[in-house]
Amino acid sequence: MEKPILIYQKNADKVMNRIMLPKKFIDKWGSSYYMEVYKDKIVLVPVNKELK
């Protein structure tokens, strides 16, 4: 199994119930993601995987 390039821990905002992604992520991968929910984890997958 391939190891992750980066592990980034982020807490959800308590008021708006959202997670803010760093601008570097948005610039590289875009702002649209699929959320894959598993029993033990959540995976965000960019809708457009094409690099800019």
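Visitor: I tried to follow the overall build of the chain on my own but got confused; where do I start?
Guide: For the chain, the helix and strand inventory stands at one helix and two strands. Start at the N end of the chain and walk to the C end: the helices and strands fall as α-β-β. Residues classed as buried in the chain amount to 6% of the 52 residues present. The long-range fraction of contacts in the chain, counting pairs at least 24 apart against all pairs at least 6 apart in sequence, stands at 8%. Working note: accessible area of the chain is about 5,500 Å², and carbon and sulfur atoms make up 57% of it.

Visitor: Any chance you could explain a nonpolar patch on the surface here in plain terms?
Guide: Taken together, the side chains of Ile19, Leu21, Met35, Val37, Ile42 and Leu44 define a hydrophobic patch exposed on the protein surface, amounting to about 580 Å² of accessible area. Of all the secondary-structure elements, those providing two or more residues to the nonpolar patch are β1 (33-37) and β2 (42-46). Among the secondary structure elements, Leu44 is positioned in strand β2.

Visitor: In this structure, what is going on with the pattern of salt bridges? I would like to understand it.
Guide: Charged atoms that come close allow side chains of opposite charge to pair. All chains considered together, the criterion is met by one salt bridge. Linking Lys23 and Asp27 is a salt bridge whose minimum nitrogen-to-oxygen distance equals 3.1 Å. Highlighted residues: Lys23 and Asp27, both in helix α1 (residues 23-29), separated by four residues, approximately one helical turn.

Visitor: Sorry, what's going on with the environment of Tyr33 here?
Guide: Along the chain, the position of Tyr33 falls in strand β1. Owing to a relative accessible area of 23%, Tyr33 belongs among the partly exposed residues under this scheme. Residues Tyr33 and Lys23, spaced 10 residues apart in sequence, show a C-alpha to C-alpha distance of 14 Å. Leave out the neighbours within four places in its chain, and Tyr33 touches Leu21, Phe25, Ile26, Leu44, Val45, Pro46 and Val47. Among the polar contacts listed, one links the side chain of Tyr33 to the backbone oxygen of Gly30, at a separation of 3.1 Å.

Visitor: What's the story with the pairing of β2 in this structure? I'm lost.
Guide: The side chains of a regular strand alternate between both faces of the sheet. Sheet topology note: the β1/β2 ladder contains five bridges and is antiparallel. Paired with Glu36 across the two strands is Val43, which belongs to β2. Hairpin connection of β1 to β2: four residues between the antiparallel strands.

Visitor: What exactly am I supposed to notice about the packing of aromatic side chains here?
Guide: Ring pairs (aromatic) are described by centroid distance and by the angle formed between their planes. Tallied over the full model, the rule gives one aromatic pair. It is Lys41 that lies over the ring of Tyr38; its NZ or CZ is 5.4 Å from the centre.

Calculation rules
In every chain, residue numbers begin from 1 and rise along the written sequence. Local features in this predicted model are restricted to residues whose pLDDT is 70 or higher, and side-chain atom pairs enter the listing and the counts only when it is 80 or higher, whereas totals over whole chains, interfaces and linings include all residues. For the side-chain quantities, the full set of heavy atoms in the structure was used; hydrogens and water were omitted. What counts as a helix is a DSSP run of H or I of at least four residues, what counts as a strand is a run of E of at least two, and both are numbered from the N terminus. Each residue is placed in one exposure class: buried if its accessible area under a 1.4 Å probe, protein chains only, is under 20% of its type's maximum, exposed if it is over 50%, and partly exposed if it falls in between. Any two residues whose heavy atoms approach within 4.5 Å at even a single point are treated as in contact. In short, Shrake-Rupley with a 1.4 Å probe defines the accessible areas, and a residue's cover is counted only from the protein chains shown. Patch definition: residues above 30% relative accessible area lacking any salt bridge, with like charges linked at up to 9 Å and the nonpolar side chains Val, Leu, Ile, Met, Phe, Trp and Tyr linked at up to 5 Å. The term salt bridge refers to a side-chain nitrogen of Lys or Arg lying within 4 Å of a carboxyl oxygen of Asp or Glu. Identification of polar contacts relies on pairs of N or O atoms within 3.5 Å, with a donor-acceptor requirement for protein atoms, meaning one able to donate a hydrogen and the other able to accept it, and with residues adjacent in sequence counted only if both atoms are side-chain atoms. Strands are treated as partners if at least two bridges between them are detected by DSSP. Classification of ring pairs uses Phe, Tyr and Trp, with its six-membered ring standing for Trp, and accepts pairs whose centres are within 6.5 Å; under 30 degrees between planes counts as stacked, over 60 as edge-to-face, and the remaining range as tilted. In this scheme, the term charge over a ring applies when either NZ of a lysine or CZ of an arginine sits within 6 Å of the ring centre and within 35 degrees of the ring normal.

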